[in-house]
Amino acid sequence: MADEFPYALCVEGQWDPKTPKIKNKLTIYFQSKKSDGGDCGVDSDDTDGRRATVRFREVEVRQRVLLKNTHELKIGQQTFTMTVGLPPSEASKPDESASSASKLSSEPIQHSVGLEITKRKAEPCSVQQSSTLDLKKPRLLGELKSEALKEAEPIEEEEETTCRQAVIENVQNVSQDFLVMLVENVLKGSTAESKDFSIEVIPESNCAVVTLSSNKDLQNFIMSGSGNTIMKKKNMNVRLLEMTSKVKAEGLPPSTVSEILPLYFERFGEVEDDVVMFENDQSAIITFKDPKDVCKVINVQHNLKKQPFRVLPYYETLQTALYGKNRPCLRLPEEFTENIDPTLWHHLNKSQKSLDVITRAMSTSFCKMDLSSPAVSITPLPSLLQQGGQTRKLIQTWRENTSTVFSASMSNFKSFELDIQKDAWSEIEPEIKKAVAAAPVTLVPEVHQGSMAVVGLKEDVTRIETVLEDIVETVTKRIQREKGSVTEDIDMSPSIHKIVFCDDVKQKFCNTFPELEIKYLAHNQKITLYGLKTEVLETKNKILEDFVSLIRKPVELHQSLLDFLHNKDLEEMSTALFFTKRINVALEVKDERAVLIGKTDMALKDGEKQLKTQLGYLSFDVEDAGVLRRSDWQDIVSNIKNTESRVTIQTTVNQVLISGFAPFIKDVEKQLRDFVQENSCIEKSLKAHKTVITFIQDHQTQDWFEEVKGKVNVQFKDENIVISGPRFHVSHYVPMFEKLLTSTHHCIMKIAKPGAKKFFKEKESMYVPLAKTKTGCLVQLIDEDDHHGPVKSAIKHVYQFKTPEGVEITVNKADMCTFQADAVVSASNEALVLDGGLSKALSNADANLQDACKQYVTKRKVTVGDAVVLDAGGHLRCKHVIFALAPQYSPAKHHEAVGLLKKTVKKSLNRADQENCQSVAITAIGSGGFQFPPDLCADTIVKSIKEFCEFVGDSVLRTIHLVDNNDVTVQAFEAAAKKIYGVSAVGLGATGGSSSSQQQSQAKASSSQSQVHSTAPSQGASQSVQTKEGLTISLMKTNIEDTTMDVVVNTLSSDLNLGVGAVSNALLKAAGPHLQALLNQQATAPANIGAVIVTEGANLKNKEVFHAVAPHWNQGQGNEQKVLENIIDECLNQAEQRQRKSIVFSAIGTGNLGFPKPLVICSMLESALKFSSKRSTKNVQEVAFALHPKDAQTIQVFTDEFNKKFMIQSASTNNPTQQQSPGPFSKVTSKSGIYETIVGGVTLQVLCGEITAEKTDVIVNSTTKEFTLKAGVSKAILDKAGPNVEAECLQLGSQPNKGLIMTQAGNLQCKKIIHIAAQSNAAHILKRVKRALEKCAKEKFTSISFPAIGTGQAGLFPGQVADCMMDAVVEMVGQNPQSSLKLIRIVIFQAPMLNDFYKSMQNREYTVIQQKDTIYSKIKTYVSTFTSFFTGTWEKEIKQHGGKDIVIEGIKVDPACFSICGPTPTAVDKTKEFLEEMISQDQAFQKITDTAILSFSDKDQQRIQDMQSTLGVSIRLEYKVQKDSESSPGEATLIVEGLTRDVLIAFQEIQDMLKSAKDEQILKKDIEHASELVEWQYEQGGQYKSFDQRMNFELEKTLDRGAADVKISFQGQDYQIKLPEGPAISTTGGNQMNIRRIDKLKATESIPQHWGAMNPTQLFAIFALKAGDAEYNDVLVLFQATCANHNVLKIERIQNPGMWKNYQNNKSVMEQKNGHQNNERRLFHGTSEQTMSHINQRGFNRSYAGKNATAYGNGTYFALNANYSASNTYSVPNAQGHKYMYFCRVLTGDYTQGRAGMIIPPPKNNTADLYDTVVENTVAPTIFVVFRDDQAYPEYLITFT
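This text gives an overview of the structure that appears in the document. It should be emphasised that the depicted structure is a prediction, and the values quoted were computed from it without experimental measurement.

### Some thoughts on the environment of Asn1297
Then, in step 1: Relative to the elements of secondary structure, Asn1297 occurs in the loop between helix H40 (1283–1293) and strand E55 (1300–1304).
Then, in step 2: Asn1297 has contacts with Phe1267 and Leu1292, leaving out every residue within four places of it along the chain.
Then, in step 3: A distance of 2.9 Å separates a polar atom in the side chain of Asn1297 from the backbone oxygen of Gln1295.
Then, in step 4: Within the structure, Asn1297 has its side chain in polar contact with the backbone nitrogen of Gly1299 (distance 3.0 Å).

Here it is, written out as structure tokens:
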């Protein structure tokens, strides 16, 4: 574009950049005269859409645009001003356009069209308006003449340069030549130039345009013409032709659009927007704003799209353009053809009226029509050319307008066809002609096409159209019906017919098909339809549709009613039951079920109600089946059947069932029941304990025997009294025996003393009569389990898992008959016949179970997939038995069988849930006789359980046990559970903890003593405790509205609306609206938070309701907890004041109020305990907390807190003799407000204070998981630490973490801050605290400070937090005993919490208890609590006594279980006292204390166990550690309990065993000592080998006696040895072997020369040094060098050859290892009197490490200076004040720096060689730590004060 249009301008405007076609609009503007522009192109700027570049072809054009003052562009309704300037590249150049513009010259414009009819060629002319004469508008000739005269001079001035035109009007019938001559005549007398003119005749307007060459000629022509005689005669007028601003463009190229023409003509002048296009001749009219532009444009040759076209001036008054001499002649348009409907053409040719209508309509269109054919020809009339100025326009639009008028005329007519069958034509045609005879329409028959057209004016045809169609339809149907009628039958019962045809259905059919015949034939139950086939089929289909759409509703009816209906006519029953009551319902009985059929659900509902109201059944049980076999019974039944058809009587073995119409069955039932009652014998059983039965039978005979004699038969069978006989007498005497049972008092008493059962069995014949005589009671010795059913079977737990829904799934191997659960599920058949497998076993355990099954199946029908729930009894340990009707398995119907089994399992679980069972036991239903493979069966059951738990969600069920006694089935259950649930979440062994705990709890429950008259436990109480003041506190799983306590506490909002809130709403529903009325009476206005309002209980079982207005929990920010505690206290106090005995609370605040559950239960329990201890009266006996059975989470939290609060404490409270549990803490001390204890070497302190002031290495911050909490302790820490720490928290918190981060300390005085994300969950707090401790130890920090985590916003109870934090400390220290951590501080901000933490510490203090562990493990456990290693003295003590764990436990005493029955509770109590006294008198208790007990062999231990079994005594071992003495081994005691004679026998045997054990121990020591001193050897194979230690000792002992020889048995031969040199000679074969004796003392380094003499058999000796001797003085000087103020009493030398030898050997090895001899030092070691004997005999023992110090390692400590060891800590004074210190030789060797926790020295330079000792200071050491016992020798013992 730049090449073609080189001259650019920049244009900018504020138009919308999104304006469409902005580029086109700019192009049009800059090519138009508005801009003074010309030919150009536009480039848009894409930067912002508001800039563009306009390029011009010529520089002059660009200059004109620049010189124009303003440029405005109109877009829509807005006008935008544009800024125009040169491009930046040209802006600085001098203006060249101006000079170019000055060079422009004008040249004449050549016209392409000549406009004149001239005698000579005319000059170029202009139509410019004269300055002196306004010729723009027409004027009268007089006015023109006057104005022309006045302005003559100006006209003359312009005469030579302008052209003017005039119009001659009314020139019709005048030729062209005449007009020329006329003009010439008018112009007579003018100049020669004036004769230059031209004439253009416009025939259609009857005018002609005269063009003259000058204004003067024009004025002369106008003035002369007005008076010309000829013109007047011809009635011609002359007027001035106005100036025009329009041109007409003709011959435009095809497809030229109007939008391009303004663009084209803008170059000649400014163009108006209204361009008029004529597409038929490719022309257009363009209007210029300035008329002067017309002359310019018509004098130029025009081309568009390379096609020339012409432009002519166009005059509005003439309605035509001026063509000059080439004006085209007007021609008539061509004729055209319009096709009309042939039937309409036919009508027009026959109906003159219709033809006239069209002719009149077409008369205005200058045309004529030719109707000779349906293609109507339309021809224009010549008059079209005579329409004046409108002629050309009329010619152009004639065809279109004429066609429109013609079409409009044709639209007034209408035609339609009547389809007529050929066979009906002859009848229909006359009827139609008759009907249209008077109508102005035309019939056009088309017989061969079977149609007839009707044509005419629209209104005429419309009027008769329907009439004609009805005629055709009526005649056609009549003919068709006569030829095509058919008959159809529909089978339908009368009752269904009545339902289908109710609601006037038949009338609706008749209305639709009047000719159709519908009949119902009742005798053959058919509907007959007769009529046209289409009508018949349509009606039949509709009837069948109605029949199919009938609703069928099954109705559950008792089998007896189904049997009754089977024998009745169901049509009659439907009529009697329903139709007579206007209920449109039918009754059917198919496949053993009743079905109601009707049209609507409402009708079926009414029918079902009517059916169940009118039909019924009654039954009664027959206890004496013989009555039903009597003839008179048969007679009465037959009579009823014959006389009363509205009832049916059915009998079974033990039941009579009457069914039928309800009004009649009552009388029949009463008649039959009375007969049975009067004529049957019955049997009643009363169940009681067999002791009670025996007591009534043998000892209360006088109370019943004579009374029942001859009237009823009484039998006493085990635990039943069976009374049989006539009903009248049985009913009379049963209450008598029941009274005897209730008046008899019975209890079970256990005496768990050794030998008690044996004693009573021996004395039974004497004591039973004696008890009867003294107290009147019967005593029986029974088995332990006789009072609660069969012996419990062992339960083997295999698998356990807790589902996300909170249901525990277990797999157990056990006997289902003895398994304890709320319900057990067993498989059964549809008949519920318990004849095999588990069902038979259950029936055996509960004799009434089979009878209950029989009664169930007689009342209702059961099918496969059902589950039947029955109450359990007998010896079963469940509440319910659920019989699951399992399907039979077939591989061919695999999916069906599995689906049915799933349905059965789910239904069983659902039934258990409906019965509020919390536990259920399921066996492998489907296996066994039902043929399911075990794996498939187990897999299906477990899947069903999972689906049930997931679907139900809020089930009451908490535990589901999978139980079987078959190993294969149990394994299948386990595999299925692991497959579906995964590996057990709670691991259990073969005899898992749950089993034992369950059995223990069951045993505990069974062992409780109770009497028949005693009060039952509290309703629903699952756990309860009793305070020492006698207040019972219970947890109950029950609905609050079902409780029976005197007072129930309700919570509600301040508006006192009981309908809001779960608890208040439940109470309102149970109590009724009267409760709200009572509450409104008590409080007439909204109540304050914390108020308690008392009302009566209304319909509740409670006497009163305490309505408490509780607050919402505000995250601990307010006093909500205090308000809650006040509410509880107020309720308890009011109950006490109102003398109520019991009160029950719900879990107040844990629902919508939002209180944390642990906080609520803790507050409740604390309030209850406080109430129990402080009240003065004791009216309230029980405080209970009711928990909704389905609220598993609340139950779990409350139970956990309840157990934590009471279970451990109550053990010690209820049994004062029971000692506390051992704990990991040392004695808790208090000093300056700080509680302190030691945990495995770590100091734990709890104190009140500000944690930000702590100076420990680490401070712990409790915060949120984002580590941004700015509240409470977190705010205090972050504020004090500063913004850098807070920023570091944000950074680290955004990174992956495990709820713990460590930051810098900031402004705090610690080294680091550990931030932990605390949660309101105790388990999480324990984990977080432990992790913080581990982090501290990992980073080698020694001290840490915690706040009371979780007691703030988390809302946890302080005691709970304290327990968690203490447990975390114990776990961490136990798992990391060698950590660097030495001090843990818990800093409490709120002082009241300090007591909770102190109590938690006290609960973990160590106390000695009696456990069932071995002695060896007891000592290990105790010592490991305080030190990291086992203490050597006690370990050696045990090893000296055999080195084995001693397991002597008292066998579980087989208690003597007595069943006592008597007339009164007092008599029973006296009998219990009597039995206890008798047995206690013959009981003995004996203790045997001796350390030799620890050396009992396995044989000895087994002998003691056997004694317990054979003698019936209890022998148990107790061991007490002597904590006050370092060297004391402790005290071992055997306690023997049992009958006196048995205890004496056992005591004597144990004494004998002890003597043997002691002798064996002494012998063992002698053997060991001898082996250390001498070694006897024998020669064999040329080498000497050692005898065993026992033989070595015997030979040395014989030699010591001075014997010359000795006989021994060695290697299967007897030898005679000659002492001391041998040889040894075989006594049998004469073989000889050499022997020798080696003195070990002489074989090694000799003892020091200055030692005193010792006996060869003496192991050690102590020699007192004489004061003043050199040896004495040497030791004294060294001692007094640092201990001058101490008085030395004596110095003794320790001579221990064996120890000396070991020391010297180690010295030699060390010298060789270290490569130098500077390895020995003489050092001091303080000790106590108790340990001296041990050190003298055996040396030092590093296992005592930690006794006094462990700062540099866990070894034996020696000091360079005596004053260090002389302190009381190390040299412990005895009772006389004497102290002891050893002066020792110590192999210190190479040493290094020591540190706490070392158990061996570290390696040298990362090699395997270790340092020999460690010291406190490697530069100048004064303390040495030795880790080997034989590295030191106690050379001298110094006694001093």
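Back to the text.
### A short note on helix H22 (residues 631–643)
Then, in step 1: With 13 residues, H22 extends 18 Å between its outermost C-alpha atoms, agreeing within 8% with the 18 Å of an ideal straight helix rising 1.5 Å per residue.
Then, in step 2: For H22, the full list of buried residues reads Trp633, Ile636, Val637 and Ile640. Seen end-on, H22 carries its buried residues on one side only, within an arc spanning 95°. Facing away from the buried side of H22, by more than 90 degrees, are the exposed residues Ser631, Asp635, Asn642 and Thr643.
Then, in step 3: Along its buried surface, H22 packs onto strand E30 (647–651), strand E31 (655–661) and helix H23 (662–679).

### Describing a negative patch on the surface
Then, in step 1: A cluster of like negative charges, contributed by Asp1469, Glu1473, Glu1476 and Glu1477, occupies part of the molecular surface.
Then, in step 2: Position of Glu1477 relative to the elements: it lies in helix H46 (residues 1465–1481).

### Notes on the sheet that holds strand E67 (residues 1624–1626)
Backbone hydrogen bonds are what pair the strands of a sheet, in a parallel or an antiparallel way.
Then, in step 1: Pairing in this open sheet of four strands is antiparallel, and the strands run E65-E66-E67-E68 from one edge to the other. The outermost strands of the open sheet, each flanked by one partner alone, are strand E65 (1605–1610) and strand E68 (1632–1633).
Then, in step 2: The pairing of strand E66 (residues 1613–1618) with E67 spans three bridges and is antiparallel. Across the sheet, the residue bridging to Ile1617 is Ala1624, located in E67.
Then, in step 3: Helix H49 (residues 1589–1600) rests against E65 and E66 of the sheet, and its axis sits at about 170° to E65.

### Considerations on the packing of H22 against H23
Then, in step 1: Look at H22 against H23: their axes get within 11 Å of each other, and the N-to-C directions meet at 175°. Relative to H23, the element H22 is oriented roughly antiparallel. Here H22 contributes Asp632, Trp633, Ile636, Val637 and Ile640 to the contact with H23, which in turn contributes Val668, Gln671, Leu672, Phe675 and Val676.

### Here we look at the side chain of Thr1471
Then, in step 1: Counting through the fold element by element, Thr1471 comes out in helix H46.
Then, in step 2: On the basis of relative accessibility, which here comes to 0%, the residue Thr1471 falls in the buried class.
Then, in step 3: In terms of polar contacts, Thr1471 uses its side chain to reach the side chain of Thr775, at 2.8 Å.
Then, in step 4: Ignoring anything within four residues of it in the chain, the contact list for Thr1471 reads Ala771, Thr775, Cys777, Val779 and Ile1460.

### Some words on the sheet that holds strand E37 (residues 796–802)
Then, in step 1: The mixed open sheet is built from seven strands, whose spatial order is E37-E38-E43-E42-E39-E41-E40. Looking at which strands have only one partner, the edges of the open sheet turn out to be E37 and strand E40 (867–871). Across the sheet, the axes of successive neighbouring strands diverge by a mean angle of 20°, strand direction being ignored.
Then, in step 2: Bridge count for strand E38 (residues 808–813) against strand E43 (residues 959–964) is six bridges, and the pairing is parallel. When the sheet's bridge partners are listed, Asn812 is paired in E43 with Val963.
Then, in step 3: The strands that helix H29 (residues 849–859) touches are E40 and strand E41 (880–885); relative to E40, the one it contacts most, it runs at about 130°.

### So, the packing of aromatic side chains
Then, in step 1: For the coordinates displayed, the defined rule picks out 39 aromatic pairs.
Then, in step 2: Seen from their ring centres, Phe265 and Phe309 are 6.4 Å apart, and the 75° between their planes marks the pair as edge-to-face. Taken together, the positions of Phe265 in helix H9 (residues 260–265) and Phe309 in strand E15 (residues 307–315) put the pair 44 residues apart, joining distant regions of the chain.
Then, in step 3: Taking 5.2 Å as the distance between ring centres and 55° as the angle between the ring planes, the aromatic pair formed by Trp704 and Phe716 counts as tilted. With a gap of 12 residues between them, Trp704 in the loop between helix H24 (690–699) and helix H25 (705–708) and Phe716 in strand E33 (residues 713–717) connect regions that are remote in the sequence.

Criteria and thresholds
- Residue positions within a chain follow its written sequence, with the count starting from 1.
- Only residues with pLDDT of at least 70 get local features here, since the model is predicted, and only at 80 or more are side-chain atom pairs given and counted; chain-wide, interface and lining totals rely on the full set of residues.
- Processing note: side-chain calculations cover all non-hydrogen atoms of the structure and skip hydrogens and water entirely.
- Helix numbers and strand numbers start at the N terminus; a helix is a DSSP run of H or I with at least 4 residues, a strand a run of E with at least 2.
- The contact definition used throughout considers only heavy atoms, calling two residues in contact when any of these lie within 4.5 Å.
- Between N or O atoms, a polar contact is any pair within 3.5 Å; within protein, one atom must be a potential hydrogen donor and the other a potential acceptor, and residues adjacent in sequence are included only when both atoms are from side chains.
- Any helix carries an expected span of 1.5 Å times its number of residues minus one.
- Exposure classes here rest on a 1.4 Å probe applied to the protein chains alone. A residue is buried below 20% of its type maximum, exposed above 50%, and partly exposed in between.
- Along the arc lie the directions from the helix axis toward the C-beta atoms.
- Only residues whose relative accessible area exceeds 30% and that form no salt bridge enter a patch; like-charged residues are grouped when within 9 Å of one another, and nonpolar side chains (Val, Leu, Ile, Met, Phe, Trp, Tyr) when within 5 Å.
- Residue-level accessible areas treat just the shown protein chains as cover; the underlying method is Shrake-Rupley with a 1.4 Å probe.
- The working definition used for a salt bridge is a side-chain nitrogen of Lys or Arg within 4 Å of a carboxyl oxygen of Asp or Glu.
- Residues counted as positive are Lys and Arg, residues counted as negative are Asp and Glu, and His and the chain ends are not counted.
- Every charge is mapped onto a representative atom, which is NZ of Lys, CZ of Arg, CG of Asp or CD of Glu.
- In this description, strands pair whenever DSSP reports at least two bridges between them.
- Axes, fitted as lines to C-alpha atoms, cover a helix only where it is in contact. Angles between the N-to-C directions of the axes lie from 0 to 180 degrees.
- Angles below 35 degrees are treated as roughly parallel, those above 145 as roughly antiparallel, those between 65 and 115 as roughly perpendicular, and all remaining angles as oblique.
- Note on aromatic contacts: the rings of Phe and Tyr and the six-membered ring of Trp form a pair at centre separations within 6.5 Å, being stacked when their planes are under 30 degrees apart, edge-to-face when over 60 apart, and tilted otherwise.

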